[in-house]
Amino acid sequence: GAGVSQTPSNKVTEKGKYVELRCDPISGHTALYWYRQSLGQGPEFLIYFQGTGAADDSGLPNDRFFAVRPEGSVSTLKIQRTERGDSAVYLCASSLGFPGSSYEQYFGPGTRLTVT
Amino acid sequence: KQEVTQIPAALSVPEGENLVLNCSFTDSAIYNLQWFRQDPGKGLTSLLLIQSSQREQTSGRLNASLDKSSGRSTLYIAASQPGDSATYLCAVCGNTDKLIFGTGTRLQVFP
C-alpha cells in the first residue's frame, strides 16, 4: 500500500511569510509524528498526534509553530512569521501505535523548507 | 533526558568488508530501538526494529543487537556493498512514544 506522503517536497519562502506543510499518513495509522532535521543532525521531535488530538507538543520550538489533524488522518504543520533558522527538512511519520505501545514508525520523504 | 550517541560519525570501507556501527543511549527505560537508513536528500527507511524484550533482529545482511541494561546497540553489516553507502541513524522510543535520534554514521563503501 501507499506509504507516508508529504507535500510540497520543497518550499522556498521569504523571511516573515507563513507556510503550511502537509502530511498524509498510512491509511489506518492512528499515530502521527512531526520531526525536524537540520543539516548534519538527526531528526528532532516536534509534535505527536493520537487521532485528532495532540498528545505531546513539547518539541515545538515556539508559538510560531502549530499543527492540526482535524479528522485524524491528514496533518498540517503551520509556521508563522518564518525565520531563517526554520530552514530544515520537516519529516512526518505514522504508526499503528497507541500510548505506551512500541509500534514501528514509518517516515515520509520530508519537506525541505528554505527561508531566504 | 535521553541522549543517543553514534560512533563513528563517518566510516569509509572497501567493498566486501564486514562492519559494525555503534549506538549508545543514556536511559535504559526504552520500549524499542530502530535503525534507519537515510540516503542524501531523502527520507528515512526503517531497517530493523528491536523491542525492549529482544536481544537482536536480523534482516538479510543486517543484524542489530540490543543490550538495554548497558544502553548499547550495534548494527552489523555483512559483506558491504557500494549500495550500502548512506547515513545510518539509530533512534530509541521511550514511554513518551517519540523517537530520540542519534546524529548518525555516514557510511561510504567504495568498489
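First things first, this report covers the structure right here in the doc. Because the structure is predicted, anything quoted here is derived from the model rather than measured. (Residues numbered from 1 in each chain as written. Chains lettered and ligands numbered in written order. Predicted model: local features only at pLDDT ≥ 70, side-chain atom pairs only at ≥ 80, totals over all residues. Heavy atoms only, no water.)

### A word on the interface of chain B and chain A
To keep it simple, the criterion reads: By definition, residues are in contact when any of their heavy atoms lie within 4.5 Å. Two parts lose some accessible area (1.4 Å probe) when they are put together, and adding that loss for both gives the buried area. Salt bridges, as used here, are contacts in which a Lys or Arg side-chain nitrogen is within 4 Å of a carboxyl oxygen on Asp or Glu. We define a polar contact as two N or O atoms separated by no more than 3.5 Å, with the added condition that, inside protein, one atom must be a possible hydrogen donor and the other a possible acceptor, whereas residues neighbouring each other in sequence contribute only through side-chain atom pairs. Note on conventions: DSSP H or I runs of at least 4 residues are helices, E runs of at least 2 residues are strands, and numbering of each starts at the N terminus. Classification convention: Asp, Glu, Lys, Arg as charged; Ala, Val, Leu, Ile, Met, Phe, Trp, Tyr, Cys, Pro as nonpolar; all other residues, Gly among them, as polar.
Tallying the contact residues gives 20 residues for chain B and 24 residues for chain A. When chain B packs against chain A, close to 1,600 Å² is buried across both sides, 50% of that on carbon and sulfur atoms. Considering only the side of chain B, the residues that lose the most area to chain A are Leu44, Asp97 and Lys98 of chain B, jointly responsible for 32% of the buried surface there. A salt bridge links Lys98 of chain B to Asp56 of chain A, with the shortest nitrogen-to-oxygen separation between them at 3.7 Å. Counting across the chain B and chain A interface gives five residue pairs in polar contact (both at pLDDT 80 or more). Within the residue set of the side of chain B that touches chain A, elements represented by two or more residues are β4 (32–38), β5 (44–51) and β10 (99–101) of chain B. A class-by-class count of the residues in the side of chain B that touches chain A yields seven nonpolar, ten polar and three charged.

### Digging into the environment of Ile100 of chain B
Residues and elements named next belong to chain B. For clarity, the cut-off: Only protein chains enter the calculation, and the probe is 1.4 Å; a residue is then buried if its accessible area is under 20% of its type maximum, exposed if over 50%, and partly exposed in between.
Structurally, the position occupied by Ile100 is in strand β10. Given a relative accessible area of 25%, Ile100 falls into the partly exposed group. Considered as a pair, Ile100 and Asn32 are 68 residues apart in the sequence and their alpha carbons are 11 Å apart. When neighbours within four sequence positions are excluded, Ile100 is seen to be in contact with Gln2, Val4, Cys90, Ala91 and Val92.

### Looking at the state of the cysteines
For clarity, the cut-off: What counts as a disulfide here is a pair of cysteine sulfur atoms lying within 2.5 Å.
By the definition in use, this model includes two disulfides over all chains. Note on cysteine connectivity: Cys23 of chain A is disulfide-linked to Cys92 of chain A, with sulfurs 1.9 Å apart. Torsion about the S-S bond of the Cys23 of chain A and Cys92 of chain A cystine: about -65°, corresponding to left-handed handedness. Pair noted here: Cys23 of chain A is in strand β3 (residues 19–24) and Cys92 of chain A is in strand β9 (residues 88–95), with a separation of 69 residues, a long-range link. Its relative accessible area of 0% is what places Cys23 of chain A among the buried residues. With a relative accessible area of 0%, Cys92 of chain A lands in the buried category. Disulfide pairing places Cys23 of chain B opposite Cys90 of chain B at an S-S distance of 1.9 Å. Given an S-S torsion of about 65°, the disulfide between Cys23 of chain B and Cys90 of chain B has right-handed geometry. Of the two residues, Cys23 of chain B is situated in strand β3 (residues 19–25) and Cys90 of chain B in strand β9 (residues 86–93); the sequence distance between them amounts to 67 residues. Look at Cys23 of chain B and you get buried, because its relative accessible area is 3%. Note on Cys90 of chain B: relative accessible area 0%, which makes it buried.

### Some words on the packing of aromatic side chains
The criterion, for reference: Stacked, tilted and edge-to-face are the three classes assigned to paired rings of Phe, Tyr and Trp, where Trp is represented by its six-membered ring and a pair needs centres within 6.5 Å; plane angles under 30 degrees give stacked, over 60 edge-to-face, the rest tilted.
Taken as a whole and judged by the stated rule, the model has eight aromatic pairs over all chains. Relative to Tyr35 of chain A, the ring of Tyr33 of chain A lies with its centre 6.3 Å away and its plane at 25°, an arrangement referred to as stacked. Linked through ring pairs, Tyr33, Tyr35, Phe45, Tyr48 and Phe107 of chain A together with Phe36 and Phe101 of chain B together constitute an aromatic cluster.

Purely geometric numbers; function is a separate question.
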